[in-house]
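What the coordinates show
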2 protein chains.
Amino acid sequence: MVKFEGYEFVEGGVCAAEGFAAAGVIAGIKAGNTTKRDLAMIYCAERCRTAALYTTNKVKGAPIYVTQKHLKDGYAQAIIVNSGNANTCNENGIEIAEQMCELTAEALDIDAEDVLVGSTGVIGQPLSIKPIKARIPTLAKELSPKKSSEACEAIMTTDTRKKELAVEFEIDGRKCHVGGISKGSGMIAPNMATMLGFITTDVAVCRELLEKALRKVNALTYSMVSVDGDTSTNDTLILMSSGLAKNPEITCEDTNYEKFENALYAVMMNLARETARDGEGATKLLECIVKGAPDENTAKIVAKSVISSSLVKAAMFASDANWGRILCAIGYSKADFDITQVSVELASEKGKITVCTDGAGISFSEESAKEVLSEEEIKILVDLHCGEGEAIAWGCDLTFEYVKINAEYRT
Amino acid sequence: MVKFEGYEFVEGGVCAAEGFAAAGVIAGIKAGNTTKRDLAMIYCAERCRTAALYTTNKVKGAPIYVTQKHLKDGYAQAIIVNSGNANTCNENGIEIAEQMCELTAEALDIDAEDVLVGSTGVIGQPLSIKPIKARIPTLAKELSPKKSSEACEAIMTTDTRKKELAVEFEIDGRKCHVGGISKGSGMIAPNMATMLGFITTDVAVCRELLEKALRKVNALTYSMVSVDGDTSTNDTLILMSSGLAKNPEITCEDTNYEKFENALYAVMMNLARETARDGEGATKLLECIVKGAPDENTAKIVAKSVISSSLVKAAMFASDANWGRILCAIGYSKADFDITQVSVELASEKGKITVCTDGAGISFSEESAKEVLSEEEIKILVDLHCGEGEAIAWGCDLTFEYVKINAEYRT
């Protein structure tokens, strides 16, 4: 995890912020699943100001349409999520998603319009409401501020690790929190690179700035991750604010807003980073840091192009300093700059190697490069030497395991 | 090979057209290579009207700069090509490429400005002129109309099959030919999807229409192939016309021009298709045929998106009718159409299965689908049901072998 001064990592994940509780149970949504939690609930004692972002894919999961509808007033109080089936491209998907909200509302004694819904898993297979209906009452009873991890487990599909994090910080002497859980491992690409992310906070912030902060931080974090270039149909990122930190409400972009936005960045950046690290079949986290670009957008395009290249990813799997492939990926990115100025360095905890300056290779020790690249976290440092624009993108290596997982996922 | 009426497949490849000869020798360009041909020459008895297209990557191999310079007058008489080293991102790359042309010119007693040059292999490693210099005189002596296959072998890198083809047809009672050799297996993506393609013809056609035909047919063939989404630095496609068929010169877009263009399509389409089939690690050729698009460009975008999706490719490797991934890839393609109208069929020699209509899944026999998808040539038929636009794109499945090849390529 990348640390930020003034922000302390704390336990609690999506329940670290005041007012939130969660739970996850085994519902048996995917036939044969009797061991993994697959139904999660997140609940807040208060109705929350809530902002959300969704996939840009034209094919959208049914839960997205229902969540968008329920969020029209900008408020929500609970989220119900299943894994094992994406509830997408089904004839009665919307109906099922609505039912999930209604059953949750009933169990929690709240308005169905205040319940949001998410699904993740195989596309195009009917989702039965039966196992969900059977388990929602239990799920509601089991809600606890200590069960972020269970909810986190319940939203996982091919994820191998839980992605869960919270930070604590102060605004005007009040203890504040931002925390979240997130899943995503395959079918992960900008924009945006998560299938599901649920972030909560107790910071009191007006609806407009809540949405602004989510949009801005998403653009710098989840939208800078690619595992396989496939943009999912079900990407949903939700940010709920209980306001229970009792700080003076943030209504303008002052230093308090900045503190909040930085907290959001600390959580979402680390969750996004962990998503890349846990990419399907990945053995390595790739972090491409581009600087010296004519502007931020150019830096983003170049950084994404590098971490998305199948050939760069395969080379990194082999700890092979095949920098020609990096330069090639920089070259075909649709960005404008002078390729003859570009320098590339490869770095990890084992050190740093310059492999290319002025757009051409320089001699370096292959042995040292191999040592640097054998680490689990690799930095690819690109300097375009033609401006001040900077960006970071995260990806992972391409491995046998990625192919194995995706050749066997459905069957 | 896909057959076209009026065009007969004939022997001879890049030498089928009147006037052309070729050869390929072992020069030992890649250290340790003593068994595979790696230096090729193509020569014509006449100076040829010549058109060419190059990679859109900002990082361009040195040979491209030299070829562009030598082709300024629109004429060429010979091509010298090496595999084993891309001669790209090297300090003295241009100098080496120029030397390759000069040595070839000397051996053939022609003007160095009439020699074009290509290189393919690893990027960013110095290319020594020594082994090339030593072998060019032999290569020139060995030139023969029967040695297209040797030249074809010499331009291969990770290709497992030779891509070589020629057709014979008639224009105004004269026997005409279009033939070619092509290589490309990894780092293959639109535009354009070949590393190297050399096409020759004996049809007499004016320079302007030669270039127009090449550009048009390339857009429908090589530029519709993707193996891994990485656009190479060295893509070069050259079309030489000797005019020795002695047909009345084609100077306007009449039926004779159409015959020529169709011949070019028959050759380039089949070479492009074979490039996809021989994609690194591929076990299957994927052909995505899109119809009913609002326009041709939309059809192209959708077709390319489907055959480029890692998840679709991995599913095809497993003969898994995971059509949700196909719909997902259609959905995130940057094209405008109504997703609720889309239908998808999967077909092969074993039959055809409809898996999705009106943007939603329909029930089908998984067993029959598995049988259809277990073939080596898979058609993915997409109908957008909102216009007359059509396009075809070619790709391959994503396999363990792709990762293996690219994790070990350089080392």
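Residues numbered from 1 in each chain as written. Chains lettered and ligands numbered in written order. Predicted model: local features only at pLDDT ≥ 70, side-chain atom pairs only at ≥ 80, totals over all residues.

Observations regarding the relation of the copies chain B and chain A
Counted only if it meets this: Least squares is used to superpose the copies, and the fit set is the C-alpha atoms of residues whose pLDDT is at least 70 in both copies. We call two residues in contact when their backbone-placed C-beta atoms lie within 7 Å.
Of the transformation placing chain B onto chain A, the axial shift is 0.0 Å and the rotation is 180°, giving an RMSD of 0.0 Å. Both copies of the chain, as the preceding transformation shows, are related through a two-fold rotation axis. Using C-alpha coordinates, one finds that chain B approaches the rotation axis most closely at Phe400 of chain B, a distance of 2.6 Å. Both copies share a contact surface, since 100% of the interface residues of chain B are interface residues in chain A too.

As for the interface of chain B and chain A
The condition that has to hold: Secondary structure counts use DSSP, requiring at least four H or I residues in a row for a helix and at least two E residues in a row for a strand, with both numbered from the N terminus. Side-chain classes follow a simple rule in which Ala, Val, Leu, Ile, Met, Phe, Trp, Tyr, Cys and Pro form the nonpolar group, Asp, Glu, Lys and Arg form the charged group, and the remainder, Gly included, forms the polar group.
Across the contact, 48 residues belong to chain B and 48 residues belong to chain A. Secondary-structure elements contributing two or more residues to the side of chain B that touches chain A are helix H8 (310-317), helix H9 (323-332), strand E13 (360-361) and helix H11 (400-408) of chain B. In terms of residue count, the dominant contributor to the side of chain B that touches chain A is H9 of chain B (eight residues). Of the residues that constitute the side of chain B that touches chain A, the class distribution is 21 nonpolar, 19 polar and eight charged.

Regarding the domain arrangement of chain A
Residues and elements named next belong to chain A. Rules: Throughout the structure description, domain borders are defined by an automatic or database domain assignment.
For chain A, the domain assignment lists domain 1 (8-277) and domain 2 (285-408). One C-alpha centre belongs to domain 1, the other to domain 2, and the line joining them spans 31 Å. Residue-level contacts link 12 residues of domain 1 with 14 residues of domain 2. When grouped by side-chain class, the residues that make up the side of domain 1 that touches domain 2 number six nonpolar, four polar and two charged.

As for the environment of Thr120 of chain B
Residues and elements named next belong to chain B. Among the structural elements, Thr120 can be located in strand E5 (residues 115-120). Expressed as a C-alpha distance, the spacing of Thr120 and Ile330, which sit 210 residues apart in the sequence, is 33 Å. Not counting chain neighbours up to four residues away, the residues in contact with Thr120 comprise Ser83, Ala86, Ile155, Thr157, Lys183, Met195, Leu196 and Asn234.

Structural notes on the sheet that holds strand E12 (residues 351-357) of chain B
Residue and element names in this part refer to chain B. Rules: Strand pairing requires that DSSP identify at least two bridges connecting the strands. In this description, a line fitted to the C-alpha atoms serves as the axis of each element, helices being fitted only across the stretch in contact, and the angle between N-to-C directions of two axes falls anywhere from 0 to 180 degrees.
Strand order in the open sheet made by the six strands is E13-E12-E11-E14-E10-E15, with mixed pairing throughout. In this open sheet, the two strands that pair with only one neighbour each are E13 and strand E15 (389-396). Strand direction decides the pairing type here: strand E10 (residues 285-293) and strand E14 (residues 377-383), joined by seven bridges, are parallel. Each bridged residue has a counterpart across the sheet, and for Leu285 the counterpart in E14 is Glu377. Where helix H6 (residues 255-277) meets the sheet, it contacts E10 and E15, and its direction lies at approximately 45° from that of E15.

Concerning the environment of Gly387 of chain B
Residue and element names in this part refer to chain B. To be explicit about the condition: Partly exposed residues are those whose C-beta has more than 12 but fewer than 20 other C-beta atoms within 10 Å; 20 or more makes a residue buried and 12 or fewer makes it exposed, with C-beta atoms placed from the backbone.
With respect to the helices and strands, Gly387 occurs in the loop between E14 and E15. The exposure class assigned to Gly387 is partly exposed, which follows from the 15 C-beta atoms found within 10 Å. Residues within four places of Gly387 in sequence aside, it is in contact with Gly292, Ala293, Pro294 and Asp295.

Some remarks on the confidence of the model for chain A
Defined as follows: The quantity called pLDDT is the predictor's confidence in a given residue, expressed from 0 to 100.
Averaged over every residue, the pLDDT of chain A is 92; residues scoring 70 or more account for 97%. Here the predicted complex carries an ipTM of 0.79, next to a pTM of 0.84.

Details of the packing of helix H1 (residues 62-70) of chain A against helix H2 (residues 93-108) of chain A
Residues and elements named next belong to chain A. Basically, it comes down to this: Working definition: roughly parallel below 35 degrees, roughly antiparallel above 145 degrees, roughly perpendicular at 65 to 115 degrees, and oblique for all remaining angles. Take the far helix as your reference; a near helix turned counterclockwise from it by less than a right angle gives a left-handed crossing, and one turned clockwise gives a right-handed crossing.
Interaxial distance between H1 and H2 falls to 8 Å at its minimum, and their mutual angle equals 50°. Taken together, the axes of H1 and H2 lie oblique to each other. The two elements H1 and H2 cross, and the hand of that crossing is right-handed. Across the interface between the two elements, Ala62, Pro63, Tyr65, Val66 and His70 of H1 pack against Gly93, Ile94, Ile96, Ala97, Glu98 and Cys101 of H2. Taken together, the residues that form the contact of H1 with H2 break down as eight nonpolar, two polar and one charged.

Things to note about the sheet that holds strand E15 (residues 389-396) of chain A
In any sheet, the strands associate via hydrogen bonds between backbone groups, in a parallel or an antiparallel arrangement. All names here are of chain A. The mixed open sheet is built from six strands, whose spatial order is E13-E12-E11-E14-E10-E15. Either end of the sheet is taken by a strand with one partner, and the two such strands are strand E13 (360-361) and E15. Packed on one face of the sheet, helix H10 (residues 366-373) meets strand E11 (343-348), strand E12 (351-357) and strand E14 (377-383) and runs near 60° to E11.

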